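# Structural characterization, general
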Amino acid sequence: MTQPPGFGAMLAWLLGHRGLDAEALADRAGAAADEIREVVAGETPGEGLLRRLAPALGFHALDLFILAGPAVPEDLAPLDATAARSVRDAVLDALRLPAAGRQELLRLIRSLPQQERSSAFAPKRLADPADGPGARLVRMLQYRNLDWSGMAYILALVTPTYLSTVTYGVIGAGRVELTPRLVTDFAALLGMDARELAALTGVALTEAPQPPAPEAVDAAELLWEARRLSAAQARQVSELARSMREESGAGHRGIPSGP
């Protein structure tokens, strides 16, 4: 099975890909150039450096932690794991709305007050002791409050990837080789550049990826912002999305009905 490069190699590739050197990245991140060089050489980055590197590289800190390997800090996890089903349903209904309706729901999610965390977030354990590329991509979606069924439904709506629910568990377990198509479609839902994600997971793209569909771009934003919702807030958004969907008609642009 393909194994992703170490984080030092990932960072070196990103620097080369973006035409940066250690000094330029250090300046952006408020770090010392020697710190960057040490990571490129194989030193494990600390939590503080990863947090500073993420915005400097244009990544969510959560995703950079998953790529680098350290445990994800609690403040970067979704607020409420019990919100997962309502988040999934809200996004599914949003995807059947015109773009203006999706943006209305996104504004609502962003406007809701941040509530206190009531319990620790514990994603389903993945059975890949090697922490391979499939496990990393699935974990990124888990930290967007998606379970296997959420991944299956939403990816089927916004990308050409149509897989069974259990297949996502198999991908996370490292028993399915990642293909260029899978990486490109995961990237769309993660809001990441497909070429960069492919390189960071050790997958060679056979052709230049097409831009993600507008629905995929909006789904990525909705999922990311919904991480801050409590279960009650997610239900509120889900109910509004369902109401908006019913008012506008069941389908949009040929997107099939969901659960």
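What counts, and at which threshold
Residues numbered from 1 in each chain as written. Predicted model: local features only at pLDDT ≥ 70, side-chain atom pairs only at ≥ 80, totals over all residues. Heavy atoms only, no water. Helix = DSSP H or I, 4+ residues; strand = E, 2+ residues; numbered from the N terminus. Axes fitted to C-alpha atoms, helices over the stretch in contact; angles between N-to-C directions. Parallel < 35°, antiparallel > 145°, perpendicular 65-115°, else oblique. Contact = heavy atoms within 4.5 Å. Nonpolar A, V, L, I, M, F, W, Y, C, P; charged D, E, K, R; others polar. pLDDT = per-residue confidence, 0-100. Left-handed = near helix turned anticlockwise from the far one by under 90°. Core = buried A, V, L, I, M, F, W, Y, C linked by side-chain atoms within 4.5 Å. Buried < 20%, exposed > 50% of the residue type's maximum accessible area, 1.4 Å probe, protein only. Phe/Tyr/Trp six-rings, centres within 6.5 Å; stacked < 30°, edge-to-face > 60°. Lys NZ or Arg CZ within 6 Å of the ring centre and 35° of its normal. Salt bridge = Lys/Arg side-chain N within 4 Å of Asp/Glu carboxyl O. Arc of directions from axis to C-beta.

Tracing the backbone shows Met 140 in helix 8 (residues 133–142). With 115 residues separating them in the primary sequence, Met 140 and Leu 25 have C-alpha atoms 24 Å apart.

Bringing the packing of helix 1 (residues 7–17) against helix 3 (residues 33–40) into the picture now. Viewed as axis vectors pointing N to C, helix 1 and helix 3 meet at an angle of 120°, and their least axial separation amounts to 7 Å. Classified by the angle between their axes, helix 1 and helix 3 sit oblique to one another. Residues Phe 7, Gly 8, Leu 11, Ala 12 and Leu 15 of helix 1 form the contact with helix 3, whose own contacting residues are Ile 36, Val 39 and Val 40. For the contact of helix 1 with helix 3, the class distribution of residues is seven nonpolar, one polar and no charged.

Further remarks concern the confidence of the model for the protein. For the protein, per-residue confidence averages 90 on the pLDDT scale, and 93% of positions sit at 70 or higher. Highest mean pLDDT in the protein belongs to helix 13 (residues 214–226) (97); lowest belongs to helix 14 (residues 231–248) (91). Within the model, the stretch residues 252–258 combines pLDDT values under 50 with 18 contacts to residues more than four positions away or in other chains.

This part is about the packing of helix 2 (residues 22–29) against helix 3. The relative placement of two packed helices is expressed as an angle between their axes plus a distance between the axes. Between helix 2 and helix 3, the least distance of the axes is 8 Å, while the angle of their chain directions is 120°. Crossing handedness for the pair helix 2 and helix 3: right-handed. Residue-level contacts link Ala 22, Glu 23, Leu 25 and Ala 26 of helix 2 to Ala 33, Ile 36 and Arg 37 of helix 3. Residues belonging to the contact of helix 2 with helix 3 are distributed by class as follows: five nonpolar, no polar and two charged.

Formed by 88 residues in total, the largest nonpolar core has its most connected members in Ile 36, Ile 154 and Leu 189. The contact partners of Leu 189, leaving out residues within four places of it in the chain, are Leu 141, Leu 146, Ile 154, Leu 155, Val 158, Ala 219, Ala 220 and Leu 223.

A separate point is the packing of aromatic side chains. In this structure the tally under the stated criterion is two aromatic pairs. Summarising the aromatic geometry, the rings of Phe 121 and Tyr 143 are spaced 5.1 Å apart at their centres and angled 55° between planes, so their arrangement reads as tilted. On the criterion of sequence distance, the pair formed by Phe 121 in the loop between helix 7 (99–111) and helix 8 and Tyr 143 in the loop between helix 8 and helix 9 (148–158) is long-range, its members being 22 residues apart. When sorted by exposure, Phe 121 lands in the same class as Tyr 143, which is buried. Looking at Arg 227, its charged tip hangs above the ring of Trp 224, at a distance of 4.1 Å from the centre.

Okay, helix 9 next. Of all eleven residues in helix 9, nine are buried, a share of seventy percent or more. What helix 9 keeps buried is the set Trp 148, Ser 149, Gly 150, Met 151, Ala 152, Ile 154, Leu 155, Leu 157 and Val 158.

Another aspect to go through is the pattern of salt bridges. Applying the stated criterion across every chain yields a total of 17 salt bridges. Among the salt bridges present, the one from Asp 89 reaches Arg 88, with a minimum N-O distance of 3.0 Å. The pair Asp 89 / Arg 88 is uniform in exposure class, with both members buried. Among the salt bridges present, the one from Asp 93 reaches Arg 242, with a minimum N-O distance of 2.8 Å. Of this pair, Asp 93 sits in helix 6 (residues 84–94) while Arg 242 sits in helix 14, and the two are 149 residues apart along the sequence. Residue classification places Arg 242 among the partly exposed positions, given a relative accessible area of 31%.

Here we take up unusual backbone geometry. Of note, Asn 145 is a non-glycine position whose phi angle comes to about 65°, a positive value. Tracing the chain through its elements places Asn 145 in the loop between helix 8 and helix 9.

All of the buried residues along helix 2 are Ala 22, Leu 25, Ala 26 and Ala 29. Axial view of helix 2: buried residues confined to an arc of 100°, hence all on one face. With respect to the buried face of helix 2, the exposed residues turned more than 90 degrees away are Asp 27 and Arg 28. Its buried side turned inward, helix 2 meets helix 1, helix 3 and helix 4 (47–57).

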